[in-house]
Amino acid sequence: MTDGQTLRVEVTAIAEVTPLIKHFTLRAVDRAPLPAFSGGSHVVVVMRGANRVYRNPYSLLSPPSDRSAYQIAVRRMEASRGGSEFMHTQLHVGSHLEIAHPVNLFPLDKIARKHVLIAGGIGITPFLAQLEDLHEGAIPYELHYAVRSAEHAAFHERLRTREAGRVRFYHDSKAQAIDYDALLSAQPLGTHVYVCGPAGMISRVIDTARRWGWPDSHVHWEKFSAPPVGEAFEVFLARAKIGVNVLPDQSLLEAIEAAGVEVPYLCRGGVCGFCQTRVLELDGELLHHDHYLSDADKSRGKSIMPCVSRAKCQSLVLDL
Amino acid sequence: MLVTGIKSKPVYAPLRADPGGRYHLLLGNGPGAAPLLQVLAELRGGAADSLGRSRVLFTPGAQPSTDTGAEAHADSTAFSAAGVPDVRSFADSGALLAEFESLLAASVMGLRLYVAGPESFIGLALKIALDFNLNTDEIRAQECGSAARRVRCVHCRHTTEDVRTNIVECLGCRRWLLVRDHYSRRLAAYMGVMVDAEAPGQRPPIQEIFP
């Protein structure tokens with residue numbers, strides 16, 4: 001995706017679902033039906049701030065059958081680089097935004113015999129759209145949803161009534177924790193597990209599943225990394241023949257875009273591999289933060305994911 | 001004429017134990033005993049107690065042999081001697097696969113499946129495994145024994161068993177079928193297409209190519 005292909009939408013409703021999470025309803029500016037999507041999809045929202053442009057991925061949580069509007073939920077991050085802050089403070093009903101077409105990097109397995117969904121905090125969002133599909137189907141499923149406390153459980157009431165008997169809540173404030181061994185040691189053959197939440201939760205699920213012999217093809221996770229803040233560095237784009245300065249709180253991709261060079265992207269969270277860029281010259285080291293390249297590829301240093309990765313270097317030349 | 005290079009034609013590889021599995025289920029038919037014993041030897045050398053969570057289902061298969069009973073007994077003894085707590089023998093692959101299916105229905109995630117035997121036995125076992133959503137990273141199979149094919153007639157949908165020739169008469173509709181490399185995992189069968197549709201009665205020579 002590049003910005004030439006974005007959809008123009010209008011914010012038609014804003015609701016505060018927890019003290020930290022706001023829920024936005026987006027409709028096409030011309031009120032035409034929006035592109036179809038499947039549960040687990042996200043859109044990249046382009047936010048034009050005063051001094052810079054933010055592009056953050058957010059999961060679509062509305063029913064996939066409803067193409068009149070998209071719904072997203074945005075958690076205000078404590079260490080926001082500006083994106084979630086912008087969504088929380090700069091938008092009002094009637095604001096216009098650009099969004100990229102939906103992309104699904106976290107789909108449900110179509111022939112699974114059972115689905116086990118594990119959400120932590122704002123990680124509930126991709127599951128909300130998937131539950132709309134699961135609810136209509138015949139495949140058994142269960143949702144385990146861990147939050148800090150009851151007031152942080154976004155969409156608590158909707159889940160409690162609609163998914164009664166299939167959802168279990170865990171509140172940190174009451175010292176309730178998911179028993180991963182109990183959850184993953186006795187699932188029927190053909191079960192798939194999906195996890196979206198904090199990094200610690202994702203690695204607990206992956207490690208526990210592996211310990212109980214789950215093959216990788218049955219374990220699914222989604223973790224959008226926010227681009228980390230780092231030291232400023234310089235990069236030279238060989239084909240555009242320009243030098244670009246990457247600021248400490250700017251991602252490499254954002255800096256390249258700000259210089260007027262478009263890089264194709266899908267997730268902007270180090271997951272999909274779409275923005276993979278060839279490194280032509282490097283004097284220093286690459287700071288890889290993505291979940292896409294293998295460890296071997298990372299140490300080889302011939303490729304970088306500019307959406308989340310940085311460099312600590314004297315010089316870096318990219319094939320752009 | 002056979003149209004080779006078809007991607008759906010399954011390719012199997014020599015069996016190796018998968019130490020990542022928690023439970024190990026081994027299915028053997030006839031000459032498949034030897035590779036399964038190799039897997040058990042690897043499991044014994046691996047993580048603690050993976051052998052104790054293994055199970056073998058074995059049949060001597062339909063190969064005509066004067067001393068089949070004695071061979072089957074020898075194989076069962078070998079599996080038990082290898083340290084497998086649960087070894088079950090079956091008169092034929094049909095009985096074995098019925099038991100396999102009910103075992104899968106009662107199994108939990110963490111299972112690895114190993115299949116060794118003639119190609120059609122592997123195909124039928126993997127067809128059942130597919131119904132339980134076992135993926136390629138949970139299944140290992142090694143072909144040993146006959147390469148005879150199950151052939152599905154695209155005209156009448158009858159499946160003719162034990163086909164060893166490039167061209168075969170469909171037992172459902174009596175058309176002469178060319179046996180292609182197109183394979184369906186869901187049907188555990190190769191595709192058979194009428195060979196003389198455009199020039200009735202003109203058939204290439206019949207050769208045994210799936211011994």
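The rules behind the values
Residues numbered from 1 in each chain as written. Chains lettered and ligands numbered in written order. Predicted model: local features only at pLDDT ≥ 70, side-chain atom pairs only at ≥ 80, totals over all residues. Helix = DSSP H or I, 4+ residues; strand = E, 2+ residues; numbered from the N terminus. Rg over C-alpha atoms; globule rule 2.2 N^0.38 Å. Buried ≥ 20, exposed ≤ 12 C-beta atoms within 10 Å, placed from the backbone. Contact = placed C-beta atoms within 7 Å. Domains from an automatic or database assignment. Expected span 1.5 Å × (residues − 1). Arc of directions from axis to C-beta. Pairing = 2+ DSSP bridges. Axes fitted to C-alpha atoms, helices over the stretch in contact; angles between N-to-C directions. Core = buried A, V, L, I, M, F, W, Y, C linked by C-beta atoms within 7 Å. Nonpolar A, V, L, I, M, F, W, Y, C, P; charged D, E, K, R; others polar. Parallel < 35°, antiparallel > 145°, perpendicular 65-115°, else oblique. Left-handed = near helix turned anticlockwise from the far one by under 90°. pLDDT = per-residue confidence, 0-100.

Asks: Would you mind going over the overall build of chain B in detail, with residue names and values included?
Replies: Secondary structure assignment for chain B yields four helices and 10 strands. The helix and strand sequence of chain B, counted from the amino end, reads β-α-β-α-β-α-β-α-β-β-β-β-β-β. Radius of gyration (C-alpha) of chain B: 19 Å, near the 17 Å computed for a compact globule of 211 residues. Each principal axis of the C-alpha atoms in chain B carries an extent, and together these give about 65 × 40 × 25 Å. A burial count over chain B gives 40% of its 211 residues as buried. At a minimum sequence separation of 6, the contacts of chain B that also span at least 24 residues come to 67%.

Asks: Got a sec to walk through the domain arrangement of chain A? Specific residues and values, please.
Replies: Residues and elements named next belong to chain A. Assigned domains within chain A: domain 1 (3-104), domain 2 (114-222) and domain 3 (233-318). For domain 1 versus domain 3, the separation of C-alpha centres amounts to 26 Å. If you look at the interface, domain 1 gives eight residues, while domain 3 gives seven residues. Tallying contributions element by element places strand β4 (residues 53-59) first for the side of domain 1 that touches domain 3, with four residues.

Asks: Could you give me a rundown of helix α5 (residues 199-211) of chain A, with the residues and numbers involved?
Replies: Residues and elements named next belong to chain A. For α5, built from 13 residues, the straight-helix expectation of 18 Å at 1.5 Å per residue is met to within 8% by its first-to-last C-alpha distance of 18 Å. Turning to α5, its buried residues number three or more, namely Met201, Ile202, Val205, Thr208 and Ala209. Down the axis of α5, the buried side of the element spans an arc of 140°, and every buried residue falls inside it. Exposed side chains of α5 directed beyond 90 degrees from the buried face belong to Ala199, Gly200 and Asp207. Residues of α5 that are buried make contact with β8 (114-120), α4 (180-184), β11 (191-196) and β12 (219-222).

Asks: Now, about the environment of Glu163 of chain A: what can you tell me, with residues and values included?
Replies: All names here are of chain A. Mapped onto the elements, Glu163 comes out in the loop between α3 (156-162) and β10 (167-171). Classification of Glu163 as partly exposed rests on a count of 17 C-beta atoms within 10 Å. Residues Glu163 and Ile111 lie 52 residues apart in sequence; the distance between their C-alpha atoms is 22 Å. Contact partners of Glu163, with chain neighbours within four places excluded, come to Leu131 and Leu143.

Asks: Mind laying out the sheet that holds strand β1 (residues 23-29) of chain B, listing which residues take part and the relevant values?
Replies: The strands that make up a sheet pair up through hydrogen bonds in the backbone, lying either parallel or antiparallel. All names here are of chain B. Strand order across the open sheet formed by five strands is β3-β2-β1-β4-β5, with parallel pairing between neighbours. Edge positions in the open sheet fall to β3 (86-89) and β5 (139-143), since each of these has one partner strand only. In this sheet, neighbouring strand axes are inclined to one another by 10° on average, regardless of whether the strands run parallel or antiparallel. The pairing of β1 with strand β2 (residues 54-59) spans six bridges and is parallel. What sits directly across from Asn29, in β2, is Thr59. Against the sheet, helix α1 (residues 33-44) engages β1, β2, β4 (111-117) and β5, with an angle of about 160° to β1.

Asks: I'd love a proper account of the nonpolar core, names of residues and values included.
Replies: By size, the foremost hydrophobic cluster in this structure holds 107 residues, and its most contacted members are Tyr145, Val195 and Val205 of chain A together with Leu36, Val115, Ala125 and Leu177 of chain B. Among all residues touching Val195 of chain A, those that are not within four sequence positions of it are Ile118, Met201, Ile202, Val205 and Trp221 of chain A. Judged by nonpolar contacts, the second largest core, of 26 residues, contains Phe224, Val246, Cys275 and Cys307 of chain A.

Asks: Please set out the domain arrangement of chain B residue by residue, giving values where relevant.
Replies: Residue and element names in this part refer to chain B. The domains assigned to chain B are domain 1 (23-143) and domain 2 (149-194). Using C-alpha coordinates to define each centre, domain 1 is positioned 27 Å away from domain 2. Partitioned by chemical class, the residues of the side of domain 1 that touches domain 2 number three nonpolar, two polar and one charged.

Asks: So, the pairing of strand β9 (residues 176-184) of chain B: which residues are in play, and what are the values?
Replies: Residue and element names in this part refer to chain B. Bridge analysis of strand β8 (residues 167-169) against β9 gives three bridges, and the strand direction is antiparallel. The residue of β9 that forms the bridge with Ile167 is Leu178. The hairpin turn running from β8 into β9, its antiparallel successor, is six residues long, and Arg174 in that turn takes a positive phi close to 70°. Strand direction decides the pairing type here: β9 and strand β10 (residues 189-194), joined by five bridges, are antiparallel. The residue of β10 that forms the bridge with Leu178 is Val193. Adjacent in sequence and paired antiparallel, β9 and β10 are bridged by four residues, among which Ala188 carries a positive phi angle near 50°.

Asks: Which residues make up the interface of chain B and chain A, and what values go with them?
Replies: Taken together, the contact between chain B and chain A spans 16 residues of the former and 16 residues of the latter. For the side of chain B that touches chain A, a count of residues per class yields seven nonpolar, six polar and three charged.

Asks: Got a sec to walk through the packing of helix α3 (residues 93-105) of chain B against helix α4 (residues 119-131) of chain B? Specific residues and values, please.
Replies: All names here are of chain B. At a minimum axis distance of 10 Å, the contact between α3 and α4 shows a crossing angle of 25°. It follows from the interaxial angle that α3 and α4 lie roughly parallel. Crossing angle aside, the handedness with which α3 passes α4 is right-handed. Contacts from Ser93, Leu97, Phe100, Glu101 and Leu104 in α3 reach Phe121, Leu124, Ala125 and Ile128 in α4. Looking at the contact of α3 with α4 residue by residue, the class counts come to seven nonpolar, one polar and one charged.

Asks: Tell me about helix α2 (residues 125-136) of chain A, and name the residues and values.
Replies: Those residues of α2 of chain A not exposed but buried are Thr125, Pro126, Phe127, Leu128, Ala129, Gln130, Leu131 and Leu134 of chain A. For α2 of chain A, the elements touching its buried residues are β4, β5 (70-75), β8, β9 (141-147), β11 and β12 of chain A.

Asks: Describe the confidence of the model for chain B, and please don't skip the residues or the numbers.
Replies: When pLDDT is averaged across chain B, the result is 90; 92% of the residues are at 70 or more. For this predicted complex, the interface confidence reaches an ipTM of 0.88, while the overall pTM sits at 0.87.

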